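The residues making up each chain are set out below.
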Amino acid sequence: MTVANRHSIIDTKYHLFDNNRSKSNSALYRLNMMIYQRPMPPAGRHLLAVVFLPLLLAGALMACRQDASSGGEVEGAPATERLTLPVLAPHTGDAPLRVVATTGLVGDVVGRVGGAAIDLTVLMGPGQDPHSYQPGAADLAAVADADLIFVNGWNLEEGLLADLAAIAGAPFVPVSAGITPRRIESDHGHDHDHGPADPHVWQDVGHVGQWAENVRLALRAADPANAAIYDANAAAYRATLAELAAELRQTLAAIPAERRVFVTNHDNLGYFTAAYDFTSVGAVIPSVSSLAEPTAAGLAALIDTMRATGVCAVVVEANAADDLARVLQNELTGCDEVRLIALYTDALGAAGSAADNYPGLMRANAAALVEGLR
Ligand SMILES: [Zn+2]
């Protein structure tokens, strides 16, 4: 964690609004406060998450080396982009491996690979925003007893990880190990600065294939007796994912190139747009974290961009309120209709729904995009 990055995060949290905003932007400001105001984690916890967790989860992952003499970044320092898997020792005892997964998406993949051979606890339920989730007593008990804890990587579970780190005796395994992260360019200062890694890697099916491989490697290292089961389950799931990727491309081909453009809620579809040839012209919350809040100036600029480009489609979280639609509809008078496209971006859908598993989620999203953009 560099000083610049830490400063940028603190800026995002505490210096949210431009004091010189115009009168009309004040109205947008109030609307945004109404729509997006959320509880912030306690400052101490936040600092722990920012400073401690990147060290815990990936000692080797330092975005930039720091120049001790100036406190700034070293010009041209190579960024060690990828997370790594920890070295795992086989667990002892005859009981099934006790495994915790943080998000529903991570849990879905761990469950596919571990199958009946593991005792799996998934902390976050359907529809849960992974950025804001904070643990309950049952979560902490499961983590304290766990043999392995699978996390997304890159601090996605920013309201959760510090508490887990304080209580866990088991290793943390980032399922996103080996994936080169998308990085958000920062407008914070010098031109070599860059923002945090984007944790929403599951929006590219190929990356979830890497998750399955990482889960396989971790489970067979921790539980060699069941290695053949994990190998077979992972191979079957990766075949499913390969079919899914082909199916998605076929489904999405119905959307003409000139209509493959939208605005997102927060900056969570970067891997999707890169993998499936879409363009996002901006985000209402211009951050890879949903906990950041939009600035009035940023929202005004986004509306200007939408007017200039003629973009009238906004991707919202499947569980989001429609307040956003009213804000944008009032501003985007050039649009016949501001189309809200509800996607399962950050969490699985409700149990029993089509999006209660990863392939189903991606199929539902592709269908919603075809419906919303054609
Ligand atoms: Zn997100």
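Thresholds applied
Residues numbered from 1 in each chain as written. Predicted model: local features only at pLDDT ≥ 70, side-chain atom pairs only at ≥ 80, totals over all residues. Heavy atoms only, no water. UniProt positions renumbered as here; feature names shortened; annotations may be inferred. Helix = DSSP H or I, 4+ residues; strand = E, 2+ residues; numbered from the N terminus. Buried < 20%, exposed > 50% of the residue type's maximum accessible area, 1.4 Å probe, protein only. Contact = heavy atoms within 4.5 Å. Areas by Shrake-Rupley, 256 points an atom, 1.4 Å probe, with all protein chains shown as cover. Donors = N, O, S within 2.8 Å, 3.2 Å for Na, K, Ca; no water. Tetrahedral: all angles 85-135°; square planar, octahedral: opposite > 155°, others 65-115°. Pairing = 2+ DSSP bridges. Axes fitted to C-alpha atoms, helices over the stretch in contact; angles between N-to-C directions. Parallel < 35°, antiparallel > 145°, perpendicular 65-115°, else oblique. Nonpolar A, V, L, I, M, F, W, Y, C, P; charged D, E, K, R; others polar. Polar contact = N/O pair within 3.5 Å; in protein donor to acceptor, adjacent residues only side chain to side chain.

Under the annotation held in an unreviewed UniProt entry, the chain carries the name ABC transporter periplasmic binding protein and is attributed to Candidatus Promineifilum breve. The heading Subcellular location (unreviewed entry) in the UniProt record of the chain holds the text "Cell envelope". We quote the UniProt Sequence similarities (unreviewed entry) comment for the chain here in full: "Belongs to the bacterial solute-binding protein 9 family."

A. Representation of the overall build of the chain in the model. In terms of helices and strands, the chain carries 13 helices and ten strands. For the chain, buried positions account for 49% of its 374 residues. For the chain, the share of sequence-separated contacts (at least 6 apart) that also reach a separation of at least 24 residues comes to 69%. Just so you have it, the chain exposes about 16200 Å², and 53% of that area is on carbon and sulfur atoms.

B. Structural view of the coordination of the zinc ion. Taken together, His131 (NE2), His200 (NE2), His266 (NE2) and Asp346 (OD) make up the protein donors of the zinc ion, found 1.9 to 2.0 Å from the metal. Angles of 99 to 119 degrees at the metal separate the four donor atoms of the zinc ion, which places the site in the tetrahedral class.

C. Inspection of the sheet that holds strand β3 (residues 148-151) at higher detail. Sheet architecture is open: four strands sit in the order β2-β1-β3-β4, paired in parallel fashion. The strands lining the two open edges of the sheet, one partner per strand, are β2 (118-122) and β4 (172-174). On average, each strand axis in the sheet is inclined to that of its neighbour by 25 degrees, with strand direction left out of account. Bridge count between strand β1 (residues 97-101) and β2: five bridges; the pairing is parallel. Within β2, the position partnered with valine 100 by the bridge is threonine 121.

D. Molecular detail of the packing of helix α9 (residues 227-252) against helix α13 (residues 358-373). Packing of α9 against α13 leaves a shortest axis separation of 10 Å and a crossing angle of 5 degrees. Between α9 and α13, the crossing angle belongs to the class labelled roughly parallel. Here α9 contributes Tyr237, Thr240, Leu241, Leu244, Glu247, Leu248, Thr251 and Leu252 to the contact with α13, which in turn contributes Tyr358, Pro359, Met362, Arg363, Ala366, Leu369 and Val370. Looking at side-chain class alone, the contact of α9 with α13 contains eleven nonpolar, two polar and two charged residues.

E. A look at the side chain of threonine 103. Structurally, threonine 103 can be placed in the loop between β1 and α5 (104-114). For threonine 103, a relative accessible area of 4% gives the class buried. Only 3.0 Å separates the side chain of threonine 103 from the backbone nitrogen of valine 106, close enough to count as a polar contact. Dropping the residues within four chain positions of it, threonine 103 is found in contact with Val122, Met124, Pro130, Leu156 and Glu157.

F. Structural context of the packing of α5 against α9. Between α5 and α9, whose axes approach to 7 Å, the crossing angle comes to 125 degrees. Viewed along their axes, α5 and α9 adopt a mutual orientation that is oblique. Mapping the contact onto sequence places Asp108, Val109, Arg112, Val113 and Gly114 in α5 and Ile229, Tyr230, Asn233, Ala234 and Tyr237 in α9. In the contact of α5 with α9, the residues fall into six nonpolar, two polar and two charged.

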